[in-house]
2 protein chains.
Amino acid sequence: MSRRAEQDVPGLVERARAGEARAVARLISLVEDESPLLREVMAALAPHTGNAQVIGITGSPGVGKSTSTNALVSELRASGKRVGVLAVDPSSPFSGGALLGDRVRMQDHALDRDVYIRSMASRGHLGGLAWTTPQALRVLDAAGCDVILVETVGVGQSEVEIAGLADTTMVLLAPGMGDGIQAAKAGILEIGDLYVVNKADRDGAEQVRRDLRSMLALAERPEGAWRPPILMTVAQKGEGLPEVVAAIDDHRSWLDSSGELARRRSRRARDEIEAIAVTALRSRWGDVHGRSELDELATAVVAGRTDPYAAADELLATFTD
Amino acid sequence: MSRRAEQDVPGLVERARAGEARAVARLISLVEDESPLLREVMAALAPHTGNAQVIGITGSPGVGKSTSTNALVSELRASGKRVGVLAVDPSSPFSGGALLGDRVRMQDHALDRDVYIRSMASRGHLGGLAWTTPQALRVLDAAGCDVILVETVGVGQSEVEIAGLADTTMVLLAPGMGDGIQAAKAGILEIGDLYVVNKADRDGAEQVRRDLRSMLALAERPEGAWRPPILMTVAQKGEGLPEVVAAIDDHRSWLDSSGELARRRSRRARDEIEAIAVTALRSRWGDVHGRSELDELATAVVAGRTDPYAAADELLATFTD
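Note that this is a predicted model, so its numbers are computed, not measured. (Residues numbered from 1 in each chain as written. Chains lettered and ligands numbered in written order. Predicted model: local features only at pLDDT ≥ 70, side-chain atom pairs only at ≥ 80, totals over all residues.)

**Looking at the overall build of chain A**
Heads up, the rule is: Secondary structure elements follow DSSP: runs of H or I no shorter than four residues count as helices, runs of E no shorter than two count as strands, and numbering proceeds from the N terminus. Here the C-beta atoms are placed from the backbone, and a residue counts as buried if at least 20 other C-beta atoms lie within 10 Å of its own, exposed if 12 or fewer do, and partly exposed otherwise. Throughout, a pair of residues is in contact if the C-beta atoms placed from their backbones lie within 7 Å.
On a plain count of helices and strands, chain A comes out with 13 helices and seven strands. A total of 321 residues make up chain A; the buried ones form 49% of that total. Excluding contacts between residues fewer than 6 apart, the proportion of contacts in chain A whose partners are at least 24 apart in sequence is 74%.

So this is what it looks like as structure tokens:
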């Protein structure tokens with residue numbers, strides 16, 4: 001693509017909508033690079049978004065997330081769906097590049113033009129998933145993906161964040177990855193719309209299911225609430241995947257009929273708008289008169305001359321009054 | 001404590017400074033509850049802060065964080081230091097209460113009045129550690145703790161956050177917890193000021209040290225930069241703890257002589273001021289005229305009538321112009 005073509009936002013958007021992988025790649029790179037063109041890109045994409053179903057896939061390292069994602073792509077492709085995959089590594093704001101180690105396993109689909117696969121690092125301090133991932137989702141959505149799988153590395157905060165981004169959150173577990181209490185610690189019991197015990201042919205898989213079932217049974221769920229199913233898979237062999245796709249479809253039907261889909265998407269848009277607004281403000285107050293207002297205030301707080309609340313008031317007064 | 005005494009901020013601060021555990025507990029509860037009294041509390045604490053050394057302790061579930069924290073407290077107490085412990089569970093913004101499961105192990109120190117131990121949940125969506133933990137640190141700092149240990153559950157984002165909060169970040173590993181690639185994924189190689197291989201009497205501990213050493217050797221460190229040491233402990237038996245304390249002291253000397261302590265503390269204050277300012281703004285734009293401005297904008301974004309950038313502009317224009 002020529003330099004000029006790369007800067008031609010309406011052209012890029014048109015080609016991405018026509019399914020041209022290079023145009024999609026270029027738009028996602030603009031997102032990753034926090035390009036000044038992003039405003040124009042997002043404005044051009046807006047009318048074409050809202051169709052894709054977003055599935056978050058999370059779980060501790062070692063449960064088989066990449067293999068499961070790969071198997072799920074095959075299953076979805078078999079039913080003729082266009083599929084996007086975003087593999088996000090939110091754990092390291094420092095490295096500035098996604099770890100591509102196990103991406104190679106996804107090469108099964110490398111030649112399928114109805115599958116778009118991309119690894120992303122989520123950079124930035126405050127941003128995390130909140131910043132780049134929703135924008136990349138918009139690109140894939142406008143590019144005509146029916147389903148987008150968002151796979152995150154790691155546990156902890158990232159799981160909670162993925163739950164905020166996805167229509168359906170799938171939590172993967174596997175035998176031998178630590179006991180139930182550890183699972184509870186990671187907060188996974190509160191975010192899953194469906195639970196998948198992978199490596200179901202290994203010792204202990206049945207125990208994981210039993211533990212999970214008893215823990216999920218403790219949660220109070222109001223009448224009409226979704227009750228997360230527990231599925232068993234051997235992703236490596238493709239076993240159990242049709243049942244996973246059926247459960248995803250069930251959840252989608254419930255999302256539609258309960259009004260929860262609209263609520264989740266509205267919440268996602270709120271978070272996205274806020275992240276952009278906050279970032280804009282941070283850049284305003286972070287860089288004024290050479291040395292920043294915020295730096296001066298931080299120095300005063302460190303010295304005990306003022307407290308963080310008074311400093312925050314001062315900061316806001318400078319920029320919002 | 002009477003209701004009146006609980007509201008008497010100058011009195012509470014005075015009693016906390018005198019080392020009264022109940023006053024310290026009450027002040028931290030005000031932090032956890034996001035009490036409207038916090039502004040007054042933080043203003044009263046400000047002149048008495050800046051003395052405590054903050055040590056972050058992180059690592060995957062199962063490496064022995066609680067046991068190590070416990071052993072470290074014993075070691076620090078032996079040298080006469082007043083010690084505060086904050087155990088933060090950042091993984092679940094939903095539960096609204098820290099998981100107290102393994103806190104019981106800390107009971108060794110329950111009767112020592114120069115040790116203050118507290119479990120905290122870090123609530124809130126945007127806040128995470130950024131919001132409550134620094135304020136709790138201010139309370140313990142003003143209450144005369146020489147050292148404050150901040151222990152976080154989980155891996156991923158929380159580790160990066162703890163590195164932002166602490167003067168010295170200690171990363172715990174243990175044999176049998178997954179291979180080196182997994183460690184790299186969790187981003188721990190970028191945040192540790194010291195690395196501790198716990199359960200050093202188990203098979204594989206030496207291998208963990210070797211792997212870690214080779215991975216750390218890959219990092220480019222400029223002349224004069226701190227080179228994170230790797231220490232071996234058996235926290236359960238208190239083995240290796242004097243060496244950990246010595247390494248913490250070495251790192252503190254380096255922090256002082258290099259000017260890095262001032263930089264880290266300034267960055268911490270910046271983050272804290274920003275978190276408070278952003279939260280104040282969010283509450284302004286989240287709740288105006290009954291239905292919020294932000295909700296309206298989110299609905300327009302979901303419908304594809306506008307894009308998140310244009311919506312963020314509109315939001316900021318409403319509140320900052």
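**Quick look at the packing of helix 2 (residues 9-17) of chain A against helix 3 (residues 21-32) of chain A**
Residue and element names in this part refer to chain A. How we decide: With axes taken as lines fitted to C-alpha atoms, and helix axes fitted only over the stretch in contact, angles between N-to-C directions fall between 0 and 180 degrees. Here the angle decides the label: under 35 degrees means roughly parallel, over 145 means roughly antiparallel, 65 to 115 means roughly perpendicular, and every other value means oblique. In this scheme the crossing of two helices becomes right-handed for a clockwise turn of the near helix relative to the far one and left-handed for an anticlockwise turn of less than a right angle.
Look at helix 2 against helix 3: their axes get within 7 Å of each other, and the N-to-C directions meet at 125 degrees. Regarding the angle of helix 2 to helix 3, the classification is oblique. In terms of crossing hand, the pair formed by helix 2 and helix 3 is left-handed. Across the interface between the two elements, Leu12, Arg15 and Ala16 from helix 2 touch Ala23, Val24, Arg26 and Leu27 from helix 3.

**Things to note about the nonpolar core**
We apply this condition: Nonpolar core, as used here: buried Ala, Val, Leu, Ile, Met, Phe, Trp, Tyr and Cys residues forming one set through C-beta atoms within 7 Å.
In this structure, Val139(A), Ile273(A), Val139(B) and Ile273(B) are the most contacted members of the largest nonpolar core, which totals 169 residues. Among all residues touching Val139(B), those that are not within four sequence positions of it are Ala16(B), Val24(B), Leu27(B), Ile28(B), Val31(B) and Leu45(B).

**A word on the environment of Arg270(B)**
By the secondary structure assignment, Arg270(B) is in helix 11 (residues 260-286). Ignoring anything within four residues of it in the chain, the contact list for Arg270(B) reads Leu294(A), Asp295(A) and Ala298(A).

**Re the pairing of strand 1 (residues 53-58) of chain A**
Residue and element names in this part refer to chain A. Applicable threshold: Any two strands with at least two DSSP bridges between them are considered paired.
Judged by how many residues are buried, strand 1 sits mostly within the fold: six of six residues are covered. The alternating pattern of strand 1 places Gln53, Ile55 and Ile57 on one face and Val54, Gly56 and Thr58 on the opposite face, and all of these are buried. Sheet topology places strand 1 next to strand 4 (residues 147-152); five bridges connect them, and they run parallel. Bridging across to strand 4, Val54 finds its partner in Ile148. Across four bridges, strand 1 lies against strand 5 (residues 168-173) in parallel orientation. Note on strand 5: the bridge partner recorded for Ile55 is Thr168.

**Some details on helix 5 (residues 65-78) of chain B**
All names here are of chain B. Quick note on the threshold: Take the residue count of a helix, subtract one, and multiply by 1.5 Å to get its expected span.
Between its terminal C-alpha atoms helix 5 stretches 20 Å, which fits the 20 Å expected from 14 residues at 1.5 Å a residue. In terms of burial, helix 5 is a largely internal element, eleven of the 14 residues being buried. Those residues of helix 5 that sit buried are Lys65, Ser66, Thr67, Ser68, Thr69, Asn70, Ala71, Leu72, Val73, Glu75 and Leu76. One or two positions beyond helix 5, positive phi appears at Gly80, with a value near 85 degrees.

**Quick notes on the packing of helix 5 (residues 65-78) of chain A against helix 10 (residues 241-258) of chain A**
Residue and element names in this part refer to chain A. Where helix 5 contacts helix 10, the axes come no closer than 10 Å and their chain directions differ by 75 degrees. Taken together, the axes of helix 5 and helix 10 lie roughly perpendicular to each other. In this structure, helix 5 uses Ala71, Leu72, Glu75 and Leu76 to contact helix 10, whose residues at the interface are Leu241, Pro242, Val244 and Val245.

**Overview of the pairing of strand 5 of chain A**
Successive side chains on a regular strand alternate, one facing one side of the sheet and the next facing the other. Residues and elements named next belong to chain A. Burial analysis of strand 5 places six of its six residues in the buried class, the great majority of the element. Side chains Thr168, Met170 and Leu172 project from strand 5 onto one buried face, and the interleaved Thr169, Val171 and Leu173 project onto a second face that is buried too. As judged from the four bridges shared by strand 5 and strand 6 (residues 194-197), these two strands associate in the parallel manner. Residue pairing for strand 6: Leu172 is matched across the bridge by Val196.

**Points about unusual backbone geometry**
Here the phi dihedral of Lys199(A) falls at roughly 55 degrees; this positive angle occurs in a residue that is not glycine. Among the structural elements, Lys199(A) can be located in the loop between strand 6 and helix 9 (205-218).

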